[in-house]
Amino acid sequence: MSRNLIIGGLLTALVLLAALLSFVWTPYAHTAMDIPQKLQPPNGTHWLGTDHFGRDILSLIMVGARTSIAVAFVAVGVGMLIGVPLGLWAAARNGGWIDELIMRGNDLVFAFPSLVIAILITAIFGAGAINAIIAIGIFNIPVFARVTRGGALPILAREFIMAARVSGKGDARIAFEHVLGNVANLLIVQATIQFSLGILAEAALSYVGLGAQPPTPSWGRMLADAQTLVSIAPHMALIPGCAIIITVLGLNLLGDGLRDRLDPKLRVSRV
Amino acid sequence: MLRYILKRLLSLVISLAVASLVIFFVIEIAPGDPATFMLGINSQPDTIAALRAELGLDVPQWQRYLNWVGGLLTGDFGTSYTYRTPVAQMISERLWVSLPLAIYALTLSTLIAFPTGIYAASRRGKAGDTAVMGATQLGVAIPNFWFAMMLVLLFAINLRWFSAGGFVGWDKGLGAGLWSLTLPAISLALPQAAILSRVMRSALLDVLGEDFMRTARAKGLTRKQALWRHGLRNAMIPVLTIIGLQFSFLLAGAIIIEQVFYLPGLGRLVFQSINARDLIVVESVVMLLVFTVIMVNFAVDLAYALVDPRLRSRT
């Protein structure tokens, strides 16, 4: 196993575990305010310190991990659910007008400034986790459509596809029964990368106040709270920042490691 | 070649037309009538109607769309609902901050990415390569607005070298203006540099495996000479593409960084306009940004076709 895969897997597992554990246990209730204990740096009773309301930062980070993961995960799901069938369709009609239409549509979405549009969507339709998911998910669609099409084209030229066609299977059945399984590796790798981008996007949206709303904790919002207090309580900014970095780094390393392991093209060139 | 250019030009025009339709109608269906928003919920219906007429909101949507596009084509971006000033003027004022900031950040990112990418490629698989690649992984994972906060903490609050935010204006001189854009430019440049360095490395590695590199070595060039004379030039195509895309990203992508540093740039203008339902400003700025990206892509496609004739037959 490659070093990337191990480190990435461990970091990702750490974050996932923290998020899962928060459903059954956090050191303190994440909403519990304790004003006399506010702005404490990390110490024995509050391992990662407290914020300006005296809330335990470790508990907030653990529950905040749920928000980040949920938003990014569902946004990737949205992108795959719409993007993958579009990509398969475009590949099946390679060179035809459907293909052209889908791919030009893709280019068009890529041309839009994603962060500005995400801010626009959440600002206009209301700040919150659901709209953040939609805003991030829209920009995942063309990514998955392109990856799927690129991966499916060489597969569609293979003999077993022709055999399936001769046996009377239609385009849709061939796409789902024979092509999808063969591009799954590509999709898993891409999903990992989009997941990490989603974590960053969610943090940015929450930071400007357009992500999950209080009292639901989110890492981006914790950073926004920390901004005016950064000179007297730097740990309030440092800790959520590190949480984001660990998550994104872990997912990116995991993606790289998985690509090395799963991508047949790379495997051949390495031999 | 002419056929290729015409074909690309046609697709460019269609893209722009579709983009303008999408932008206009997506933003127009958004809930929140600008006139009602500006006057508040307790305003009288006839006051709202009067303001709607004044803002030109009382004509049918398709007619407003045609007016808007017609205006864009002649350089008239309309008039801001809230500021009552021409949008074109607002955009050009903000560009005086955003454009230099984008160029500054891109310059920094290129200055970091080129040497590190070239170094990593030339030390492939060795400790130096691993170190650079590890650093770029970290660079990609750091949210730029968090990095900005850390820079403010260190260089503005503790060391007091820079101010924590705001822009002094170009009338204070080029040096002072650039100085106040330095922290924002660094925060924007870091993740971009990490991406660009990785692209530089992999583009170089691709080129190093080519036959002409072996020929260059065979005719007596040292590794270094071959790398500088033949390798770099050929690796520049993907690198320049990414630089082009990063530039258009930086124009708008600074939206959060401008927020952190209270910079009066294009991103902040969009952000404020979205919150004030100043739709005409949002539409025009987004259209301008999309236009930039589409033009950059078009230029890159043409450059590719010039460099590599094989691409002309493909579309």
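Position numbers for residues count from 1 along each chain, tracking the sequence in the order it is written. Following the order in which they are written, the chains are lettered starting with A and the ligands numbered starting with 1. Confidence filtering applies because this is a predicted model: local features only for residues at pLDDT of at least 70, side-chain atom pairs given and counted only at 80 or more, and all residues used for totals across whole chains, interfaces and linings. Only hydrogens and water are set aside when side-chain values are computed; all heavy atoms of the structure are taken into account.

The name an unreviewed UniProt entry gives chain B is Peptide ABC transporter, with Pseudosulfitobacter pseudonitzschiae as the organism. UniProt positions are given in the numbering used here, feature names are shortened, and annotations may be inferred rather than shown by experiment. What UniProt states about chain B under its Sequence similarities (unreviewed entry) heading is, verbatim, "Belongs to the binding-protein-dependent transport system permease family." Among the UniProt annotations of chain B, the heading Subcellular location (unreviewed entry) holds the following wording: "Cell membrane".

Going by an unreviewed UniProt entry, chain A carries the name Peptide ABC transporter permease and comes from Pseudosulfitobacter pseudonitzschiae. Under Sequence similarities (unreviewed entry), UniProt gives the following word-for-word description of chain A: "Belongs to the binding-protein-dependent transport system permease family." Under Subcellular location (unreviewed entry), UniProt gives the following word-for-word description of chain A: "Cell membrane".

### Observations concerning the overall build of chain B
Each helix and strand in chain B was counted, giving 14 helices and zero strands. Reading chain B from its N terminus to its C terminus gives the helix and strand order α-α-α-α-α-α-α-α-α-α-α-α-α-α. When the backbone C-alpha atoms are referred to their principal axes, chain B occupies close to 85 × 60 × 35 Å. Counting only residues that meet the buried cut, chain B has 48% of its 315 residues in that class. The contact criterion used throughout is that any non-hydrogen atoms of two residues lie within 4.5 Å. Sequence-distant contacts in chain B: of pairs separated by 6 or more residues, those separated by 24 or more amount to 73%. Labels follow the DSSP assignment, with helices taken as runs of H or I lasting at least four residues and strands as runs of E lasting at least two, numbered in each case from the N terminus. Partly exposed describes any residue whose relative accessible area lies between the buried limit of under 20% and the exposed limit of over 50%, with all areas from a 1.4 Å probe on protein chains only and scaled to the type maximum.

### Points about the UniProt feature "transmembrane region" (unreviewed entry) in chain B
Residue and element names in this part refer to chain B. This chain's UniProt record puts "transmembrane region" (unreviewed entry) on residues 9–30, 101–120, 132–157, 177–196, 235–257 and 285–307. The distance from the first to the last C-alpha atom of residues 101–120 is 28 Å, and the span holds 100% helix and 0% strand. In residues 132–157, the share of helix is 92% and the share of strand is 0%. The end C-alpha atoms are 30 Å apart.

### Digging into empty space enclosed by the protein
Residue and element names in this part refer to chain B. Only protein atoms enter the calculation, which uses a 1 Å grid: trapped sets of points that fit a 1.4 Å probe without letting it out are cavities, open sets showing protein on both sides within 12 Å along at least five of seven lines are pockets, and any residue with an atom within 4 Å of a point is a lining residue. Grid points are joined across faces, edges and corners, and a volume is the space filled by probe spheres set on the points. For the coordinates displayed, the defined rule picks out four cavities of 30 Å³ or more. There is about 60 Å³ of room inside the largest cavity. For the largest cavity, the full set of lining residues is F162, S163, A164, G165, G166, W179, S180, L183, P184 and F261. Top contributing element to the lining of the largest cavity by residue count: helix α8 (residues 174–208), with four residues.

### As for the packing of helix α6 (residues 127–141) of chain B against α8(B)
Residue and element names in this part refer to chain B. Simply put, an axis is a line fit to the C-alpha atoms, just over the touching stretch for a helix, and the angle between two N-to-C directions goes from 0 to 180 degrees. At a minimum axis distance of 8 Å, the contact between α6 and α8 shows a crossing angle of 140°. One way to sum up the angle between α6 and α8 is to call them oblique. As α6 runs across α8, the sense of the crossing is left-handed. For the pair α6 and α8, the contacting residues are D129, V132, M133, T136, Q137, G139 and V140 in the first and L190, P191, A194, I195, S197, R198 and R201 in the second. Polarity classes work like this: nonpolar for Ala, Val, Leu, Ile, Met, Phe, Trp, Tyr, Cys and Pro, charged for Asp, Glu, Lys and Arg, and polar for all others, with Gly in that last group. For the contact of α6 with α8, the class distribution of residues is seven nonpolar, four polar and three charged. Angles are sorted into four bins: roughly parallel if under 35 degrees, roughly antiparallel if over 145, roughly perpendicular if 65 to 115, and oblique for all others. Rotating anticlockwise by less than a right angle from the far helix to the near helix defines a left-handed crossing, while the corresponding clockwise rotation defines a right-handed one.

### Some words on the interface of chain A and chain B
On the chain B side, the residues contacting the 36 residues of chain A number 39 residues. The contact between chain A and chain B buries some 3,300 Å² in all, and 83% of this surface belongs to carbon and sulfur atoms. Here, a salt bridge means any side-chain nitrogen of Lys or Arg that lies within 4 Å of a carboxyl oxygen of Asp or Glu. In this assembly, chain A and chain B are joined by one salt bridge. Where A:D256 meets B:R198, a salt bridge forms, and the shortest distance between an N and an O atom there is 3.3 Å. Taken together, the elements giving at least two residues each to the side of chain A that touches chain B come down to α3 (97–111), α4 (114–125), α8 (171–207), α9 (219–227) and α10 (235–262) of chain A. In terms of residue count, α10(A) provides more of the side of chain A that touches chain B than any other element does, 11 residues in total. Buried area: the sum, over both parts, of the accessible surface (1.4 Å probe) that disappears when the two are put together.

### Remarks on the UniProt feature "transmembrane region" (unreviewed entry) in chain A
Feature annotation in UniProt places "transmembrane region" (unreviewed entry) on residues 6–28, 69–92, 112–139, 183–212 and 232–255 of chain A, given in this structure's numbering. Secondary structure across residues 69–92 of chain A comprises 100% helix and 0% strand; the distance between its end C-alpha atoms is 34 Å.

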